[in-house]
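# Fold and geometry: a report
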Amino acid sequence: MLPRNPNLNLKRTLITFLDKCKSMLQLNQLHALVITFGLSQDDLFMSRIVSFSALSDSNNTDYSYRALLNLQDPTIFEWNSVIRGYSKSKNPNKSISVFVKMLQVGIYPDHLTYPFLAKATSRLLRKELGVSIHGHVIKSGFEIDRFVANSLIHMYGSCGDIVYARKVFDGAPVKNLVSWNSMVDGYAKCGYLDLARGLFDLMPERDVRSWSCLIDGYTKSGNYGDAMAVFEKMRTSGPKANEVTMVSVLCACAHLGALDKGRMMHQYLVDNGFELNLVLRTSLIDMYAKCGAVEEAFAVFRGVSLRKSDVLIWNAMIGGLATHGLVKESLDLYTEMQIAGIKPDEITFLCLLSACAHGGLVKQASYFFEGLGKNGMTPKTEHYACMVDVMARAGQVAEAYQFLCQMPVEPTASMLGALLSGCMNHGKLDLAELIGKKLIELDPEHDGRYVGLSNVYAIGRRWDEARIMREAMERRGVKKTPGYSFLEMSGAHHRFIAHDKSHPSSEQIYAMLSFIVSQMQFGVLKEGQEHCLYGIEGI
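Below, the structure is looked at part by part. Quick caveat, the model's predicted, so the values are computed rather than measured. In this numbering scheme, every chain counts its residues from 1 along its sequence in written order. Given that the model is predicted, a residue must reach a pLDDT of at least 70 before its local features are reported, and side-chain atom pairs must reach 80 or more before they are shown or counted; all residues, however, enter totals for whole chains, interfaces and linings. Water and hydrogen atoms play no part in the side-chain values, which are based on all heavy atoms of the structure.

A few words on the packing of helix 17 (residues 278–290) against helix 19 (residues 311–323). Axis definition: a line fitted to C-alpha atoms, limited for helices to the stretch in contact. Angles are taken between N-to-C directions and run from 0 to 180 degrees. Under the scheme used here, helices are H or I runs from DSSP no shorter than 4 residues and strands are E runs no shorter than 2 residues, and both carry numbers assigned from the N terminus. Where helix 17 contacts helix 19, the two axes come as close as 9 Å, and the packing angle between them is 5°. Comparing the axis directions of helix 17 and helix 19 gives the class roughly parallel. Seen from helix 17, the contacting residues are Leu278, Arg281, Thr282, Ile285 and Ala289; seen from helix 19, they are Leu312, Ile313, Ala316, Met317 and Gly320. In terms of residue class, the contact of helix 17 with helix 19 is made up of 7 nonpolar, 2 polar and 1 charged. Angle categories: roughly parallel below 35 degrees, roughly antiparallel above 145, roughly perpendicular from 65 to 115, and oblique for all the rest. Residue contacts are defined here by distance: any two heavy atoms, one from each residue, within 4.5 Å place the two residues in contact. Under the scheme applied here, ten amino acids are nonpolar (Ala, Val, Leu, Ile, Met, Phe, Trp, Tyr, Cys and Pro), four are charged (Asp, Glu, Lys and Arg), and all others, including Gly, are polar.

Quick look at the nonpolar core now. Residues Phe231, Met246 and Leu419 are the most contacted members of the largest nonpolar core, which totals 152 residues. Discounting chain neighbours no more than four positions away, the residues touching phenylalanine 231 are Ile215, Ala241, Thr245, Met246, Val249, Met265 and Tyr268. We call a set of buried residues a nonpolar core when its members are Ala, Val, Leu, Ile, Met, Phe, Trp, Tyr or Cys and they connect through side-chain atoms within 4.5 Å of each other. Per-residue accessibility, obtained with a 1.4 Å probe over protein chains only, is compared with the maximum for each type, and a residue is labelled buried under 20%, exposed over 50%, and partly exposed between these values.

Quick look at the packing of aromatic side chains now. Pairs were defined over the aromatic rings of Phe, Tyr and Trp, the Trp ring being its six-membered one, requiring ring centres within 6.5 Å. Orientation was assigned from the angle between planes: stacked under 30 degrees, edge-to-face over 60, tilted for the rest. Under the counting rule described, the total for this entry stands at 16 aromatic pairs. Geometrically, the ring pair formed by phenylalanine 99 and tyrosine 114 is edge-to-face, given 6.3 Å between the ring centres and 65° between the ring planes. Taken together, the positions of phenylalanine 99 in helix 6 (residues 93–104) and tyrosine 114 in helix 7 (residues 113–124) put the pair 15 residues apart, joining distant regions of the chain. Per residue, the accessibility class of phenylalanine 99 equals that of tyrosine 114, and both read buried. Summarising the aromatic geometry, the rings of tyrosine 334 and phenylalanine 368 are spaced 5.7 Å apart at their centres and angled 85° between planes, so their arrangement reads as edge-to-face. You can see tyrosine 334 sitting in helix 20 (residues 327–339) and its partner phenylalanine 368 sitting in helix 22 (residues 362–374), a full 34 residues away along the chain. Accessibility classification places tyrosine 334 together with phenylalanine 368 in one group, the buried group. Counted as over-ring charges are cases with an Arg CZ or a Lys NZ within 6 Å of the ring centre that also lie within 35 degrees of the ring normal. Cation over ring: lysine 175 sits above phenylalanine 169, and NZ or CZ is 5.1 Å from the ring centre. Cation over ring: arginine 206 sits above phenylalanine 200, and NZ or CZ is 4.4 Å from the ring centre.

Below you can see the structure in the form of structure tokens.
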């Protein structure tokens, strides 16, 4: 029979087991022993139980909080563990609730409490809550703490208040690399890329995070060329890239359609000994698919063990196939995904609906749309837009319009645009006019809305209305944004706009274009002559 008062050796054994604990199942068993031996109020054991259940990879923060509430005199370390656990959970709001409870029972926060609260606020994107936390920081006298100040800079930047982020940054008596990185990241997240680059250039030192923040900022703002330029500079004069850097770089390659550069980045990963984990493989698949190299995307996808795959990598491959009109392959891969036991998410169904739109598969699209509800998901605006697109492309514009009118969400410009395109393609000009007018009401500053309705009138030979639309656009001061195309050649990117002659090789390009046009005209003329001769011979 076990003694009621365990000796010192038994305590040491329990501590050793707790320190080596690998799962919540093991922790539950050890916690039961701790209670059995009358040690459930011993901080030596309970701090480990609370910390593991809140912060380990197999965490259960609710369990941690219940354990904490059962303590007669929990320490600030235990409160901080629970607050930190919730700050990185699916429900960061609970961090704030625990903090309030902590204040109610008379426990004062320390310099570690506030960074966890700031992290929770950053994830919630609730600036008003962040301001309240900042007020507590000032009252507690921790504003000059560098660790706290850095977390506030990050919090304000994440919530989009770059002015307050800069105030905290400028007010910090001592700045370290984390301070500078947080400020650069804040500028980049808020879209102030010039300020981010200016601060980056002033940094007394830079690490991989400094470079990654700037590259990620350029990528997310659509400045893909700038992102690649910064990465090239990083390769020559900066630190070795990490996974975060490479995800941003591969994303930039994908949007530029820079296949050669993307292949080089793939080789860079291999040459520099990167572990091709799911995140990097998903980025590679997305890059290859968007650059049109579907077979190479598939090669990366097939290199992943089914047991180690996740829904994100399946989505990337299904979506890549759908984008290129490989409808059957996309739907077959979804079947394979189900067999593999991977549970679909909202993005999966969006990819499938996109595939159906490319293939004109209205029935299958309806099946997948209904599948959202069957899998416990609520259709989002993008799913409704895809359904409208599927029906409009298939010529079922009346049904698409009825679907649009019955939706529980307000129609967006993308939905109406898809329906307008379907109406024009299938000659339903009356409905096209109605949709075109609605689009202008919804988005009066968008040049494409006026051009779209003007084109509807032009197709119907209603020239006066077409002209009036163009004039209305000019009166509002809406400028037509010229379309452009990218071309990658020998690793370099070339951008072309219609009638533009700013390219250094424009003279040779236009000469070659004229030659091609003349050859086409000659071919048409020759074919016409042959038809004439054939007609004469047949008389």
